[in-house]
Amino acid sequence: MLRWNGWGDDSIEYPLPENAAAFLAERVGPGAPPQDARLEDVLTAVPPSRLPAHPLIQTEPLPRLLHARGQSFPDWVALRYGRIPVFPDGIAYPTTEEDVADLLHFAAQHQVQIIPYGGGTSVVGHINPVVGAPPTLTINMQRLNRLYRLDETSHLATFGAGIRGPDLEAQLRARGFTLGHFPQSFEYSTLGGWIATRSSGQQSLGYGRIEALFAGGVLHAPAGRLEFPPHPASAAGPDVRHLLLGSEGRMGILTQATVRVAPLPGREDFHAVFFPDFVSGQTAVRQIMQAGIPLSMLRLSTAVETATTLALAGHEQLIGLLERLLAMRNIGAEKCLLLLGFSSSNDLVKTARHAALEITGKQGGIHVGRTFGSQWHKSRFRTPYLRNTLWEAGYGIDTLETAVPWEDVPATLNAIEEAIRSALAPWDERVHLFTHLSHMYRHGASIYTTYLFRLAPDPEETLHRWRLMKEAASRAIVAHRGTISHQHGVGTDHAPYLQAEKGALGMAAIGNALRCFDPQGIMNMGKLIEKS
Ligand SMILES: Cc1cc2nc3c(=O)[nH]c(=O)nc-3n(C[C@H](O)[C@H](O)[C@H](O)COP(=O)(O)OP(=O)(O)OC[C@H]3O[C@@H](n4cnc5c(N)ncnc54)[C@H](O)[C@@H]3O)c2cc1C
């Protein structure tokens, strides 16, 4: 069963390896396990629904609690301590397009706010009802999850937008295809959610970000129905499809999506290289990108992230041996791990690997084979379960991300880390933080920082400290002209920083476009654009 106040299926645990407790205590101090609220108590706090009756809408407390919050850090604090100020008034699970149109009509008639809901994996407050808003209806899309059509000639597949990652891939794989979109939330996030948040998968280097994969579909907006044909390309004026990408449920509900799929690769390998330091690693990945070598993934960790990965990997003896071998090749405490993914035909994998390793070698990188890469690939959707374990041991963990041109990567990365590190200084609390470059482009890279800290005895205090870290990091991103989000989207948490990126005119253009699709303002208020 899905955890109501944490990540994933409650039959899956991710215990900390033996040495991890000591590692964390040394970095940030011992954690004090918090007391979780009981599900029964939280359910009694759900107020009566304010929605008029409708045959498709459920108003019982349990489904309303399960749709009240997503997966952001404030969401975790709210759920774990049972401090949820507002719940959706009802939940609907449409099974047809007509159901969706009917619910939109009902909402417009009764001035009801609508929150489209995919998998609820948002980490920036996308699906949370707003305090003081009109009655709110959450529309869970999970039953619109069919493969409608696979055009094997054009490599186009049309799905119901509520389909989750594993179901989508299973249906494609059975026919020899893949979408290749693997966000870390893959197990639970949905196609519609990926499109509405401009998501990026771990292998988007090879397969493309969702904006490259999304070819067309059907949108039901309060103002009407709009179909986007899957043209391979078009010069017919501005592309409205691009407005839908990243629209965060404010434009309407995407019911069907046609995506560009690829034949399953003949071969898929993940390799690891260790560099003596981050500068040499960064130079190598930039050169690989600019040489146009066809890889499906590059992920370069800083020295602290590398040390953390190795410390938490378990296998102490094996890691010790590896460290001694690397030390003999002058790779010591500052070592940085690069993972490289290759997904294509046997011949292309071989050629690409040869070309990439030639570049890494020139920067002093030592290739250590496939063990690390394969292990990463095997456990990549398991890592989020660690968040449950850490919380239960008294630690909070969160991530944030941006993207900047190559020239600005070092200064931006340092500024983000410094901003977070110093935010808890007034409490004499330490933060363990580490970063990797998660997605690479010819012209720049995304910077992905994870920060781990102790929970305070009082939830309000924990939230306050988190807010200080988040705000300091967001200001550092804006000051370095990074995007406020490379992949997580805007939601509520990033909305205050959007104008710095889009400009006043850009914000007005987005606001006006949304109003055109939703003139009464019934779609997901308070998200993406703060006041409209
Ligand atoms: C552990 C973890 C790891 C993550 N890793 C990644 C990652 O690697 N890459 C990445 O990009 N993101 C990642 N995320 C963030 C999150 O998974 C993405 O934002 C994802 O795209 C959200 O999809 P969802 O289906 O869960 O959408 P939800 O969270 O349900 O909704 C997100 C937004 O999309 C809108 N929406 C959903 N469905 C529709 C629809 N059919 N029509 C219109 N609007 C809709 C909602 O209204 C909301 O505004 C991660 C999150 C977690 C918790």
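Fair warning: this is a prediction, and the values are worked out from it, not measured in the lab. (Residues numbered from 1 in each chain as written. Predicted model: local features only at pLDDT ≥ 70, side-chain atom pairs only at ≥ 80, totals over all residues. Heavy atoms only, no water.)

### As for the overall build of the protein chain
Within the protein chain one finds 19 helices and 18 strands. A compact globule built from 532 residues should have a C-alpha radius of gyration of about 24 Å, and the protein chain, at 23 Å, falls within 12% of that. The dimensions of the protein chain, computed from C-alpha atoms along their principal axes, are 70 × 60 × 45 Å. Considering only contacts within the protein chain whose residues lie at least 6 apart along the sequence, 76% involve residues at least 24 apart. In the form shown here, the protein chain has an accessible surface area of approximately 22200 Å², with 55% of it arising from carbon and sulfur atoms. (Helix = DSSP H or I, 4+ residues; strand = E, 2+ residues; numbered from the N terminus. Rg over C-alpha atoms; globule rule 2.2 N^0.38 Å. Contact = heavy atoms within 4.5 Å. Areas by Shrake-Rupley, 256 points an atom, 1.4 Å probe, with all protein chains shown as cover.)

### Overview of the site of the ligand
Looking at the ligand, there are 35 residues lining it, with Pro116, Gly118, Thr121, Ser185 and Thr190 nearest. Gln184 places a polar main-chain atom, nitrogen or oxygen, 2.9 Å from an oxygen atom of the ligand. The separation between an oxygen atom of the ligand and a polar side-chain atom of Thr190 is 2.7 Å. Protein contacts shield 97% of the accessible area of the ligand, which totals 970 Å² for the unbound molecule. Breaking the shell around the ligand down by element, the ones donating at least two residues are β3 (113–117), α7 (191–197) and β10 (253–260). Residue contributions to the shell around the ligand peak at 5 residues, all from α7. (Near = heavy atom within 4 Å. Polar contact = N/O pair within 3.5 Å; in protein donor to acceptor, adjacent residues only side chain to side chain.)

### Here we look at the packing of aromatic side chains
Within the structure shown, the criterion is met by 11 aromatic pairs. Grouping aromatic residues by their ring pairs yields a cluster made of Phe73, Trp76, Tyr81, Trp391, Tyr451, Phe453 and Trp466. Its end group placed over the ring of Phe182, Arg380 keeps NZ or CZ at 4.7 Å from the ring centre. The ring of Tyr14 has Arg382 sitting right over it, with the charged end atom 4.4 Å from the ring centre. (Phe/Tyr/Trp six-rings, centres within 6.5 Å; stacked < 30°, edge-to-face > 60°. Lys NZ or Arg CZ within 6 Å of the ring centre and 35° of its normal.)

### Concerning the environment of Ala221
Within the secondary structure, Ala221 sits in strand β8 (residues 214–221). Distance in space between the C-alpha atoms of Ala221 and Gly394 is 44 Å, their sequence separation being 173 residues. Filtering out sequence-adjacent residues up to four positions away, Ala221 remains in contact with Leu104, Met251, Gly252 and Phe517.

### So, helix α4 (residues 73–81)
Of all the 9 residues making up α4, 9 are buried; the element is thus mostly covered by neighbouring parts of the structure. Taken together, the buried positions of α4 are Phe73, Pro74, Asp75, Trp76, Val77, Ala78, Leu79, Arg80 and Tyr81. Buried residues in α4 make contact with α3 (61–66), α16 (386–392), β16 (395–405), β18 (444–454) and α18 (459–479). Two residues or fewer past α4, Gly82 is found with a positive phi of approximately 65 degrees. (Buried < 20%, exposed > 50% of the residue type's maximum accessible area, 1.4 Å probe, protein only.)

### Digging into the sheet that holds strand β9 (residues 224–228)
Pairing in this open sheet of 5 strands is antiparallel, and the strands run β5-β6-β10-β8-β9 from one edge to the other. Edge positions in the open sheet fall to β5 (147–151) and β9, since each of these has one partner strand only. Across the sheet, the axes of successive neighbouring strands diverge by a mean angle of 10 degrees, strand direction being ignored. The pairing of β5 with strand β6 (residues 156–160) spans 4 bridges and is classified as antiparallel. Counterpart to Arg149 in the pairing with β6 is Thr158. The sheet contacts of helix α5 (residues 97–110) involve β8, β9 and β10, and relative to β8 the element is tilted by about 45 degrees. Each of β5 and β6 touches helix α6 (residues 165–173); the most contacted strand, β6, lies at about 140 degrees to it. (Pairing = 2+ DSSP bridges. Axes fitted to C-alpha atoms, helices over the stretch in contact; angles between N-to-C directions.)

### Concerning the pairing of strand β12 (residues 267–275)
Within β12, 8 of the 9 residues are buried, leaving the element largely enclosed by the surrounding structure. Pairing between β12 and strand β14 (residues 336–344): 9 bridges, direction antiparallel. Within β14, the residue paired with Arg267 across the bridge is Ser344. Summarising the sheet, β12 and strand β15 (residues 366–367) pair through 2 bridges and their orientation is antiparallel. Paired with Val273 across the bridge in β15 is His367.

### Description of unusual backbone geometry
Backbone geometry places Asn330, a non-glycine residue, at a positive phi of 65 degrees. Relative to the elements of secondary structure, Asn330 occurs in the loop between α13 (316–328) and β14.

### Considerations on the layout of surface pockets
It is the rolling of a water-molecule-sized probe over the atoms that shows where space remains empty. Looking at the second largest pocket, its volume works out to about 650 Å³. Lining of the second largest pocket is provided by 27 residues; of these, Arg69, Pro74, Arg467, Thr492 and Asp493 occupy positions nearest its centre. Elements represented by at least two residues in the lining of the second largest pocket include exactly α4 and α18. When residues in the lining of the second largest pocket are grouped by element, the largest group, 6 residues, is from α18. (1 Å grid on protein atoms, 1.4 Å probe; cavity = no way out; pocket = protein on both sides within 12 Å on 5 of 7 lines; lining within 4 Å. Points joined across faces, edges and corners; volume = space filled by probe spheres on them.)

### Regarding the environment of Lys470
As for its placement among the helices and strands, Lys470 is situated in helix α18. Sequence separation between Lys470 and Thr399 is 71 residues; the distance between their C-alpha atoms is 9.4 Å. If we skip the residues at most four places from it in the chain, Lys470 touches Leu400, Tyr451, Asp493 and His494.

### Overview of helix α17 (residues 409–423)
Taking 1.5 Å of rise per residue, the 15 residues of α17 would be expected to cover 21 Å, and the 21 Å separating its terminal C-alpha atoms lies within 8% of that figure. Looking at α17, one finds that the buried residues are Val409, Thr412, Leu413, Ala415, Ile416, Glu417, Ala419, Ile420 and Ala423. Looking at the buried side of α17, the elements it contacts are α11 (278–290), β16, β17 (432–440), β18 and α18. (Expected span 1.5 Å × (residues − 1).)

### Regarding a nonpolar patch on the surface
A grouping of Leu226, Val240 and Leu243 is seen on the molecular surface, where their side chains present a nonpolar patch of about 190 Å² in accessible area. By secondary structure assignment, the location of Leu243 is in helix α10 (residues 241–244). (Patch = residues over 30% accessible without salt bridge, like charges linked within 9 Å, V, L, I, M, F, W, Y side chains within 5 Å. Salt bridge = Lys/Arg side-chain N within 4 Å of Asp/Glu carboxyl O.)

### A few points about the packing of α4 against α18
Where α4 meets α18, the closest approach of the two axes is 10 Å, and the angle between their N-to-C directions is 175 degrees. One element, α4, and the other, α18, form an angle in the roughly antiparallel class. Here Phe73, Pro74, Val77 and Tyr81 of α4 lie close against α18, whose contacting residues are Pro459, Thr462, Leu463 and Trp466. Of the residues that constitute the contact of α4 with α18, the class distribution is 7 nonpolar, 1 polar and no charged. (Parallel < 35°, antiparallel > 145°, perpendicular 65-115°, else oblique. Nonpolar A, V, L, I, M, F, W, Y, C, P; charged D, E, K, R; others polar.)

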